[in-house]
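# A look at the structure
Each chain is listed here by its residues.
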Amino acid sequence: SRTGFLVYLNSAPIYWLSKKQTSVETASFGSEFVAMKQCCEYLRGLRYKLRMMGIPVNNPVFTYGDNQSVLWNTSVPDSTLKKKSNSI
């Protein structure tokens, strides 16, 4: 699977990433979740860097994705991830 995301600041693209994932997931949900996690980690670091440069960051960051279950699981704080496994 590949991870990819694009970051906009004031409607201008400032960063993009596309790379092969190092982990192997059994479902598309897992791959999409890993990609969302990497994107959120980057955005968290970007917000921190902007604040350290004296640029106020008061508004929330909006993330968009194409997998509704990943978006729901990442937006609800009380959600838990349930992984299905097959016994041999």
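In what follows, the structure referred to is the one given above.
Let me begin by describing the structure that accompanies this report. (Residues numbered from 1 in each chain as written. Predicted model: local features only at pLDDT ≥ 70, side-chain atom pairs only at ≥ 80, totals over all residues. Heavy atoms only, no water.)

## A word on the overall build of the protein
Going by this rule: Note on conventions: DSSP H or I runs of at least 4 residues are helices, E runs of at least 2 residues are strands, and numbering of each starts at the N terminus. Under the scheme applied here, a residue whose accessible area is under 20% of the maximum for its type counts as buried, over 50% as exposed, and between as partly exposed, the area being computed with a 1.4 Å probe on protein chains only. Note on contacts: a residue pair qualifies if any of its non-hydrogen atoms lie within 4.5 Å across the two residues. Per-residue accessibility takes into account occlusion by the displayed protein chains alone, with areas from the Shrake-Rupley method and a 1.4 Å probe.
Across its full length, the protein carries 2 helices and 2 strands. Secondary structure elements of the protein, listed N to C terminal, follow the sequence β-β-α-α. Buried residues in the protein amount to 23% of all 88 residues. Put simply, 39% of the contacts in the protein that link residues at least 6 apart link residues at least 24 apart. Entry remark: accessible area of the protein is about 7500 Å², with carbon and sulfur atoms responsible for 56%.

## Focus on the nonpolar core
Basically, it comes down to this: What we call a nonpolar core is a set of buried Ala, Val, Leu, Ile, Met, Phe, Trp, Tyr and Cys residues that are connected through their side-chain atoms within 4.5 Å.
F5, V7, L17, C39, L43, L46, L50 and V57 together form the largest nonpolar core, which totals 8 residues. Residue assignment for this core shows that the elements contributing at least two residues are β1 (2-9) and α1 (28-52).

These results come straight from atomic positions and should not be treated as a statement about function.
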